[in-house]
Amino acid sequence: MALFGKKLEPETAARIPPGQSLTDRFPVLHYGPVPRIDLEKWDFKVFGLVGEPVRFTWEEFRQLPQSQVTMDIHCVTRWSKLDTVWEGVLATELMKHVDLKPQAKFVVAHAEYGFTANVPLEFFLDEQTIFAHSFGGKPLEKDHGWPLRLVVPKKYFWKSAKWVRGIEFLAQDKLGFWERNGYNNHADPWKEERYSEDNW
Ligand SMILES: Nc1nc2c(c(=O)[nH]1)N[C@H]1C(S)=C(S)[C@@H](COP(=O)(O)O)O[C@H]1N2
Ligand SMILES: [Mo]
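Residues numbered from 1 in each chain as written. Chains lettered and ligands numbered in written order. Predicted model: local features only at pLDDT ≥ 70, side-chain atom pairs only at ≥ 80, totals over all residues. Heavy atoms only, no water.

Chemist: Break down the environment of lysine 142 for me, with residues and values.
Modeler: Mapped onto the elements of the fold, lysine 142 is located in the loop between strand S11 (138-139) and strand S12 (149-151). Spatially, the C-alpha atoms of lysine 142 and proline 35 are 8.2 Å apart, while their sequence positions differ by 107 residues. In contact with lysine 142, not counting residues within four places along its chain, are Val34 and Trp163. (Helix = DSSP H or I, 4+ residues; strand = E, 2+ residues; numbered from the N terminus. Contact = heavy atoms within 4.5 Å.)

Chemist: Report on the site of ligand 1, specifying residues and quantitative values.
Modeler: For ligand 1, the set of nearby residues contains 19 residues, the closest of which are Pro27, Tyr31, His144, Arg149 and Lys162. Taking tyrosine 31, its main chain carries an N or O atom lying 2.8 Å from an oxygen atom of ligand 1. In isolation ligand 1 exposes 530 Å². Once the protein is present, 98% of that is buried. A breakdown of the residues in the shell around ligand 1 according to their chemical character gives 14 nonpolar, three polar and two charged. (Near = heavy atom within 4 Å. Polar contact = N/O pair within 3.5 Å; in protein donor to acceptor, adjacent residues only side chain to side chain. Areas by Shrake-Rupley, 256 points an atom, 1.4 Å probe, with all protein chains shown as cover. Nonpolar A, V, L, I, M, F, W, Y, C, P; charged D, E, K, R; others polar.)

Chemist: Tell me about the packing of aromatic side chains, residues and numbers included.
Modeler: What the rule picks out here adds up to 23 aromatic pairs. A centroid spacing of 6.5 Å and a plane angle of 35° characterise the contact between phenylalanine 26 and phenylalanine 157, whose relative ring orientation is tilted. Here phenylalanine 26, found in the loop between strand S3 (21-22) and strand S4 (43-48), pairs with phenylalanine 157, found in the loop between S12 and strand S13 (164-170); they are 131 residues apart in sequence, far enough to count as distant. Residue phenylalanine 26 shares its accessibility class with phenylalanine 157, and that shared class is buried. Seen from their ring centres, phenylalanine 177 and tryptophan 178 are 4.9 Å apart, and the 85° between their planes marks the pair as edge-to-face. Residue classification places tryptophan 178 among the partly exposed residues on the basis of a relative accessible area of 22%. (Phe/Tyr/Trp six-rings, centres within 6.5 Å; stacked < 30°, edge-to-face > 60°. Buried < 20%, exposed > 50% of the residue type's maximum accessible area, 1.4 Å probe, protein only.)

Chemist: I'd like a description of the pattern of salt bridges, backed by residues and values.
Modeler: Inspection of the entire model under this criterion finds 12 salt bridges. Close ionic contact of aspartate 43 with lysine 45 constitutes a salt bridge, the shortest N to O distance being 3.7 Å. The exposure class assigned to aspartate 43 is buried, which follows from its relative accessible area of 8%. For the salt bridge of glutamate 112 with arginine 165, the shortest nitrogen-to-oxygen distance reads 2.9 Å. (Salt bridge = Lys/Arg side-chain N within 4 Å of Asp/Glu carboxyl O.)

Chemist: Talk me through the pairing of S4; I want residue IDs and the actual numbers.
Modeler: The pairing of S4 with strand S5 (residues 54-57) spans four bridges and is antiparallel. Paired with aspartate 43 across the strands is threonine 57, a residue of S5. Connecting the antiparallel pair S4 and S5 is a turn made up of five residues. (Pairing = 2+ DSSP bridges.)

Chemist: Before we move on, could you go through the pairing of strand S10 (residues 130-135) and cite the residues and values that matter?
Modeler: With five of its six residues buried, S10 lies for the most part within the structure. Of the pairings in the sheet, the one linking strand S7 (residues 79-90) to S10 comprises five bridges and is antiparallel in character. Considered in S10, the bridge of leucine 90 is made with isoleucine 130. For S10 and S12, the ladder comprises three bridges, and the chain directions are antiparallel.

See below:
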């Protein structure tokens, strides 16, 4: 595996899943237009299998304790980007404000224009899952999800919903937008779970 013709160190090569190539760029990929967002009207909702639904305004969300995570991105379109740095609110931190019912086993992230992405609860509760407002020390760019995106580690990047506006907890799994449109529900880059032949 090579980047710009240079040979990679074995430690770096070992972090690149099968069928992926490294990039230093940050490609933009999504379905539909980039939403226009008014932070005065923006809110974030937690609903589904919770004791009480929770709603945050932008101000309230920004006051939650902040964390930074570094993780590797693997996109199903075959690029990987290592050591990306995200800042925001950890999923585990957000969960301190949520009275989760024991039947909850799956999470659907809801984003602008009805976009959804689903993950099993245990992946959502990964210590690195973050609702990020910054990337690489700067506010997110609009086309990368400003003002807030979910970043889910250990899965192909389509599970990381840009322009996220809420999360829903469910007892049963429910396919998200890309999972209904040809991508694999499990999305493990190390197993190359790219396409949806085995969703059914
Ligand atoms: N709201 C929303 N989020 C989305 C998508 C989308 O279509 N809509 N596409 C996903 C896909 S397929 C990828 S690869 C990543 C790309 O994120 P990037 O544009 O920041 O690289 O966003 C994910 N999040
Ligand atoms: Mo993607």
